[in-house]
Amino acid sequence: MKLPNYSHIYIEDNAEASAVTQTILSKLPKSKIIRIKDYKEIFNRPGQNFQIQKLAPKLVLANKKDHFLYKGSDLAPDFGEENFFYNSLVLNCPYNCDYCYLQGMYNSGNIVIFVNIQDFFFATEEKLYELDRIYLCLSYDTDLLGMESWIGYSKLWIEFARSRPNLILELRTKSANAKALEGIAPIDNLILAWTLSPEYVVSKFEKKTASLKARIRAIQSAIQTGWKVRICIDPILDFPGWKSSYFELVEELKQSGIFSAIEQISLGTFRMNKDYFSKIRKDRKNDSSLFLNEFVTEEGAVFNPIQIRENLVDHLQELLSDYKNVYKM
Amino acid sequence: MPIIHTALHSEAKIFKEEFKLQKIKSYRKIEIFSRDNLVLVVSGIGKVSTSVGITLASELFPKSKDFYLNFGIAGSSKKEIALGELRIADKVIDLSTDRSYFPDCILQTEIASASLGSSDLPVANISDENFPLTSIGLNSKIKYIKPKDNSLDLYDMEASSFFQSAIYFTESHRIHSLKIISDHLEGIFCKASDVEDWAAVQKENVFTFLLDHQKYFSDGMNSESSNHKDESLESQSKLILGKIQSNLRLTSSQMSQLNKAFETWKIHSNIKDETWKKFLYSESDRVNKEEGKNRLKQIISYFYNRDTK
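Residues numbered from 1 in each chain as written. Chains lettered and ligands numbered in written order. Predicted model: local features only at pLDDT ≥ 70, side-chain atom pairs only at ≥ 80, totals over all residues. Heavy atoms only, no water.

## Details of the overall build of chain B
- Check the secondary structure of chain B and you find 7 helices and 10 strands.
- Counting only contacts in chain B whose residues sit at least 6 apart along the sequence, the fraction spanning at least 24 positions is 72%.
- Entry remark: accessible area of chain B is about 15200 Å², with carbon and sulfur atoms responsible for 50%. (Helix = DSSP H or I, 4+ residues; strand = E, 2+ residues; numbered from the N terminus. Contact = heavy atoms within 4.5 Å. Areas by Shrake-Rupley, 256 points an atom, 1.4 Å probe, with all protein chains shown as cover.)

In structure tokens, the structure reads:
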């Protein structure tokens, strides 16, 4: 039988005293603590198997030394914002989606949490001062809301942004953890972005994530509390029966009554850096049917062939024709 | 099957007896035993011998590289860990290079874990005035070193080299080290008979650990495609796809596209569905290249469940 998640916590020597470290340790009292000098000695070591490690992931608590902000990728939507940034508060995600680029980006399936959050705040403050307004995605290489109950980063960022209206935050999630935000007064400059997929995709390709129904219930709850919500149907996947699956998804959303209250719907098809894609396809060709599909490479990134992309997006746009604010990646 | 490594014959005895291993080869003091692809390397003490032993065994028995286990004695800096107790290493440091190795612990085990330092010389925790070691009970011919600090639980002379070598041949979750406590760093060598006795007491734990890991990580685990494997169907499909290739005069690149589309369809569909066989054109249906291209497009669209179904 496999070990429970986070059975081992590796802690960098200089990260032990951090308040975040102490909070996490108090939430996971049964974990075995192992001291390390630098997170890279465990996270970047050779011979790791990403998918095997995902069976029983470990935690690594570390201090990030530099690069507290990154310029947004061309493969990610900027929603018309000029100063689009993201940060890496956490490396890797508690979930394990077949189409996720992280399995191509990292050697390890374990999760690194950078506990020196004040350094991230400081870098963000500096950039905000320099540019006056920035759009910052907090949860690109991870799912912060999915880990909120034992890290608490979403709350800390909301409080940081509350007095900085020109800092526009996006918190993207596949969790159903709206409860984690209970008791926090909503702010206008945070968008909670829920990635939604048909239930077939959730169960087949989005391992460990919340079910579609649970995510919809979480959206309803967030809206009711007064949070701004964006729905991301991204990536729209190409699989046998995709048309009827996405039809059912949109019908379910219509019936849930959330369309009238959400800020925006964002659509995008599968896309990935070609080096990450090659690595993942090699590792997972016998393990996930997703990588048996047709793909093309354009300017260093891998996509579905153009005709398929157009079919997928056109179909979704048609299904969502009653809804005006649709953003297409 | 695994490659098991020990430094001493007294550590190797339980494996030789349990698996009825026979000596296959020897290279000076390194001896290799085997039966049915289970391999035991008895390398002698030290990092270089360990590294050579692991490399030889991995090259001689390529089918045995699915699991690597180092088993042997270690001194404990913690008095509360009694002689004869068994520990699994959760962190190994080479005391010469300060380099660390981390086994991936994925499965539950009854065996408690411990950190382990590997040194070039035996480690003894005695006061400065006793160095060099000459007092009664200490072996005056052997040089010792002191434990580095109090952070490490155990000390041995092979594990870091075992990890460093084995990672060339397999993945980190398939490499582990189990240690029996032989002393508390007093600088006294234990007897071979004591080692054999301790190993005999722990052998059920060791074999259970070995079997659990082998079973769980055997090839094909958690494989989506393995659920669909049916050998007669596989070979039948190959024949039919080959015939389609020949009739439609497909190039190898076109054939590769067809295979990919078929694999996708097979995983998404009910494998008993035989409707796809309508694409098996008879000999009289041999077509020119252009028509072959059109028909290939039609077949691929069918497999990807597109509009032309």
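## Let's talk about the interface of chain B and chain A
- The partner chain A presents 41 residues to the 35 residues of chain B that form the contact.
- Buried surface at the junction of chain B and chain A, summed over both partners, amounts to about 3200 Å²; 48% is from carbon and sulfur atoms.
- The shortest N-O distance in the salt bridge between Asp-98 of chain B and Lys-37 of chain A comes to 3.1 Å.
- Applying the counting rule to chain B against chain A returns 14 residue pairs in polar contact (both at pLDDT 80 or more).
- Sorting elements by how many residues they give to the side of chain B that touches chain A places helix 6 (residues 252-268) of chain B first, with 5 residues.
- Counted by class, the side of chain B that touches chain A contains 14 nonpolar, 11 polar and 10 charged residues. (Buried area = accessible area lost by both parts, 1.4 Å probe. Salt bridge = Lys/Arg side-chain N within 4 Å of Asp/Glu carboxyl O. Polar contact = N/O pair within 3.5 Å; in protein donor to acceptor, adjacent residues only side chain to side chain. Nonpolar A, V, L, I, M, F, W, Y, C, P; charged D, E, K, R; others polar.)

## Observations concerning the packing of helix 9 (residues 212-225) of chain A against helix 10 (residues 242-256) of chain A
Residue and element names in this part refer to chain A.
- Running from N to C, helix 9 and helix 10 cross one another at 35°; their axes reach a closest spacing of 11 Å. Between helix 9 and helix 10 the crossing geometry is right-handed. Listed contacts from helix 10 to Leu-212, Lys-213, Ile-216 and Gln-220 of helix 9 are Leu-249, Glu-252, Leu-253 and Ser-256.
- Grouping the amino acids of the contact of helix 9 with helix 10 by side-chain chemistry returns 4 nonpolar, 2 polar and 2 charged. (Axes fitted to C-alpha atoms, helices over the stretch in contact; angles between N-to-C directions. Left-handed = near helix turned anticlockwise from the far one by under 90°.)

## What to know about the environment of Ala-180 of chain A
Residues and elements named next belong to chain A.
- In this fold, Ala-180 is placed in the loop between strand 10 (167-173) and strand 11 (190-195).
- Its relative accessible area of 23% is what places Ala-180 among the partly exposed residues.
- Sequence separation between Ala-180 and Lys-279 is 99 residues; the distance between their C-alpha atoms is 35 Å. (Buried < 20%, exposed > 50% of the residue type's maximum accessible area, 1.4 Å probe, protein only.)

## Quick notes on the sheet that holds strand 3 (residues 59-62) of chain A
Residues and elements named next belong to chain A.
- Taken in spatial order, the 5 strands of this open sheet run 2-1-3-8-6, and their pairing is mixed. Since the sheet does not close on itself, it has two edges, and those belong to strand 2 (32-36) and strand 6 (90-91), each with one partner.
- By the bridge criterion, 4 bridges tie strand 3 to strand 8 (residues 111-114) in an arrangement that is parallel. What sits directly across from Ala-62, in strand 8, is Phe-114. (Pairing = 2+ DSSP bridges.)

## Focus: unusual backbone geometry
- Pro-235 of chain A follows Asp-234 of chain A through a cis peptide bond whose omega is 5°.
- In this fold, Pro-235 of chain A is placed in strand 13 (residues 228-236).
- Although it is not a glycine, Lys-208 of chain A adopts a positive phi angle of roughly 75°.
- Along the chain, the position of Lys-208 of chain A falls in the loop between strand 12 (206-207) and helix 9.
- Non-glycine residue Asn-37 of chain B carries a positive phi angle of around 70°.
- Topologically, Asn-37 of chain B is positioned in the loop between strand 3 (30-35) and strand 4 (38-42).

## Focus: the confidence of the model for chain B
Residue and element names in this part refer to chain B.
- Overall, the predicted model of chain B reaches an average pLDDT of 85, with 82% of residues at or above 70.
- Per-residue pLDDT, averaged within each element of chain B, yields its smallest value for helix 5 (residues 231-248) (75) and its largest for helix 3 (residues 159-166) (98).
- Contacts of residues 220-229 to residues separated by more than four positions or lying in other chains number 18 contacts, the stretch itself having pLDDT below 50.
- Across the interface, the model reports ipTM at 0.89; the global pTM reads 0.86. (pLDDT = per-residue confidence, 0-100.)

## Notes on the sheet that holds strand 16 (residues 296-298) of chain A
Residue and element names in this part refer to chain A.
- Judged by pairing direction, the sheet is antiparallel, and its 3 strands sit side by side in the order 15-17-16 without closing on themselves. Two strands close off the open sheet at either side, each with one partner strand: strand 15 (271-273) and strand 16. The average undirected angle you get between the axes of adjacent strands in this sheet is 30°.
- As paired elements, strand 16 and strand 17 (residues 301-303) share 3 bridges and run antiparallel to each other. Paired with Val-296 across the strands is Phe-303, a residue of strand 17.

## Comments concerning the packing of aromatic side chains
All names here are of chain A.
- Tallying each qualifying case throughout the model produces 30 aromatic pairs over all chains.
- Over the ring of Phe-160 we find Arg-164; its NZ or CZ atom is 3.9 Å from the centre of that ring.
- Over the ring of Phe-79 we find Arg-230; its NZ or CZ atom is 3.4 Å from the centre of that ring. (Phe/Tyr/Trp six-rings, centres within 6.5 Å; stacked < 30°, edge-to-face > 60°. Lys NZ or Arg CZ within 6 Å of the ring centre and 35° of its normal.)

## Digging into the nonpolar core
- Core analysis: the biggest nonpolar cluster contains 105 residues, and Ile-113, Tyr-153, Trp-157, Trp-194, Ile-233 and Tyr-246 of chain A have the highest contact counts within it.
- When sequence neighbours within four positions are dropped, the list of residues in contact with Tyr-153 of chain A reads Val-20, Leu-89, Ile-113, Phe-114, Val-115, Ile-117, Leu-144 and Glu-148 of chain A.
- Counting 25 residues, the second-largest nonpolar core is a separate cluster that includes Phe-33, Phe-71, Ile-88 and Ile-180 of chain B. (Core = buried A, V, L, I, M, F, W, Y, C linked by side-chain atoms within 4.5 Å.)

## Re helix 1 (residues 9-18) of chain B
Residues and elements named next belong to chain B.
- For helix 1, the full list of buried residues reads Ser-10, Glu-11, Ala-12, Ile-14 and Phe-15.
- Where helix 1 is buried, its residues contact strand 1 (2-6), strand 4, strand 5 (67-76) and helix 4 (192-216).
- Once helix 1 ends, the next one or two residues include Lys-20, with phi positive near 50°.

## Considering the pairing of strand 2 of chain A
Residues and elements named next belong to chain A.
- Here 5 bridges tie strand 1 (residues 8-12) to strand 2, and the two strands are oriented parallel to one another. Across the sheet, residue Ile-11 finds its bridge partner in strand 2, namely Arg-35.
- In this view, the connection linking strand 1 to its parallel neighbour strand 2 by way of helix 1 (residues 19-27) has right-handed handedness. (Right-handed = clockwise from strand over helix to strand, strands pointing away.)

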